[in-house]
Amino acid sequence: MSFTATPTGGGDSYSYQWQRSDDSQTWSDIAAATATTYTTPGLDDTAFFRVVVTSTLGCFLDTTNTVQVSVLQQFAPGSIEGDTTVCYNTSGGTLTMTADATGGLAPYSYQWQRSTNGTSWTNVSGATQTQYTTPNLTADTYYRLKYISGNGCDPVYSNTVTVNVYADITAATIATATTQTICYDSVPTDIQEVTAPTGADGSFTYQWQQNDGSGWDNISGATTNAYQPSNLRADHSYRLVTASTYGCGSRTSQAVTINVYDRINSGTIGSDQLICYNSTGAMSFTATPTGGGDSYSYQW
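The text that follows walks through the structure, step by step, so that each part is easy to find. (Residues numbered from 1 in each chain as written. Predicted model: local features only at pLDDT ≥ 70, side-chain atom pairs only at ≥ 80, totals over all residues. Heavy atoms only, no water.)

**Describing the pairing of strand β3 (residues 47–55)**
Okay, step 1: In terms of residue burial, β3 counts as a mostly covered element, since eight of its nine residues are buried.
Okay, step 2: Judged from the eight bridges that link them, strand β1 (residues 14–21) and β3 form a sheet pairing that is antiparallel. Of the residues in β3, the one forming a bridge with Gln 19 is Arg 50.
Okay, step 3: Taken together, the three bridges between β3 and strand β5 (residues 67–69) define a ladder with antiparallel strand orientation. Considered in β5, the bridge of Phe 48 is made with Gln 68. (Buried < 20%, exposed > 50% of the residue type's maximum accessible area, 1.4 Å probe, protein only. Helix = DSSP H or I, 4+ residues; strand = E, 2+ residues; numbered from the N terminus. Pairing = 2+ DSSP bridges.)

Here it is in structure tokens:
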């Protein structure tokens, strides 16, 4: 507080004494408050102030007008809700103010803030309403609501809500016991999960798929982490789809292929012969064998 119109008369040289009252009736001097300006201490209730001005020549001047300093009710924050756990790279949903601020001077204004550690906070650009829908998140993120009083009181802050973000899903990896090329219409070794899927809440379902050259199809009943194919007569590829039971999507393993040799065709040899007594007959393949890997042994 300070003079808006300075004293006049009485020799133009003055001393000052600030006074305070709680009811504007009973006044008391404020210790050491003898300058032309005065800053009040922190106030928790309405108070009144005036200045007694005395001429240094001994002439007494009347007191100034009285100034009332009204104290608003203590500014206190409201509350918000929105604690949740979400999948990687999805929205944390809509955070909502559940109780408004009190005290201070309405109307209030609002500013949502975010943090990655719960300690250092930054304003969310444009988030100045009582609700806020988060963007897609890839890490745990904390939020709070900053309440701003209409008269410039220090801002206050709501409770903190946490959006926990599950780790991204990684696919399982699979392998056969060996690199397989099998005979026509034979059974390959089983296909095993080598590395389990990770991420989300750690709970997954399994579905094996096969491709015989016409596209990928689910294999009925093949819902564990290993699969035993039946007899094969053509090349087949296999892969494992793992899906999050929490709803965070699915991932597909690499494909493994079981190669199947063509069915063996024995070929043909010569034709019937008529030879002289005690002479030899020469026979050979007129059509060579095929299939089965194209490498053969022979027994006449």
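Let us keep going from here.
**Digging into the nonpolar core**
Okay, step 1: Counting residues in each nonpolar core, the largest one holds 20 residues, and the members touching the most others are Ile 80, Trp 112, Tyr 132, Tyr 143, Leu 145 and Tyr 147.
Okay, step 2: Those elements that provide at least two residues to this core are β9 (94–99), β10 (109–115), β14 (141–148) and β16 (161–165).
Okay, step 3: In contact with Leu 145, not counting residues within four places along its chain, are Ile 80, Met 97, Tyr 110, Gln 111, Trp 112, Gln 129, Val 156, Tyr 157 and Ser 158.
Okay, step 4: Counting residues in each nonpolar core, the second largest holds 14 residues, with Ala 172, Ile 191, Trp 208 and Ala 222 among its members. (Core = buried A, V, L, I, M, F, W, Y, C linked by side-chain atoms within 4.5 Å. Contact = heavy atoms within 4.5 Å.)

**Quick notes on the packing of aromatic side chains**
Okay, step 1: According to the stated counting rule, one finds 11 aromatic pairs in the structure shown.
Okay, step 2: Geometrically, the ring pair formed by Tyr 38 and Phe 49 is tilted, given 6.0 Å between the ring centres and 45° between the ring planes. Of this pair, Tyr 38 sits in the loop between β2 (28–29) and β3 while Phe 49 sits in strand β3, and the two are 11 residues apart along the sequence. The same class applies to Tyr 38 as to Phe 49, namely buried.
Okay, step 3: One aromatic cluster is present, built from ring pairs that chain together Trp 18, Tyr 38 and Phe 49.
Okay, step 4: One Lys or Arg, Arg 239, reaches over the ring of Trp 216 and ends 4.2 Å from the middle of that ring. (Phe/Tyr/Trp six-rings, centres within 6.5 Å; stacked < 30°, edge-to-face > 60°. Lys NZ or Arg CZ within 6 Å of the ring centre and 35° of its normal.)

**Quick notes on the sheet that holds strand β19 (residues 191–195)**
Strand pairing in a sheet is mediated by backbone hydrogen bonds. Such pairs are either parallel or antiparallel.
Okay, step 1: What the three strands build is an open sheet, ordered β17-β19-β22; its pairing is antiparallel. Each of the sheet's edge strands pairs with one partner strand only, and the pair in question is β17 (173–176) and β22 (226–227).
Okay, step 2: Sheet topology note: the β17/β19 ladder contains four bridges and is antiparallel. Paired with Ala 175 across the two strands is Gln 192, which belongs to β19.

**Some thoughts on the sheet that holds β9**
Okay, step 1: Read across the sheet, three strands follow the order β6-β9-β12 without closing on themselves; strand pairing throughout is antiparallel. Sheet topology places β6 (79–81) and β12 (131–133) at the edges, where each strand pairs with a single neighbour. Direction aside, neighbouring strands of the sheet carry axes that sit 25° apart on average.
Okay, step 2: Pairing of β6 with β9 involves three bridges; the strand directions are antiparallel. Within β9, the residue paired with Glu 81 across the bridge is Thr 96. (Axes fitted to C-alpha atoms, helices over the stretch in contact; angles between N-to-C directions.)

**Describing the pattern of salt bridges**
Pairing of side chains with opposite charge becomes possible as their charged atoms draw close.
Okay, step 1: Using the criterion set out here, one finds three salt bridges in the structure.
Okay, step 2: When the shortest N-O distance is used, the salt bridge between Arg 20 and Asp 22 registers 3.5 Å.
Okay, step 3: For Asp 22, a relative accessible area of 58% corresponds to the exposed category.
Okay, step 4: A salt bridge links Arg 251 to Asp 168, with the nearest nitrogen and oxygen atoms 2.9 Å apart. Highlighted residues: Arg 251 in strand β24 (residues 250–252) and Asp 168 in the loop between β16 and β17, separated in sequence by 83 residues.
Okay, step 5: Residue Arg 251 is classed as partly exposed on the basis of its relative accessible area of 28%.
Okay, step 6: Residue Asp 168 is classed as partly exposed on the basis of its relative accessible area of 34%. (Salt bridge = Lys/Arg side-chain N within 4 Å of Asp/Glu carboxyl O.)

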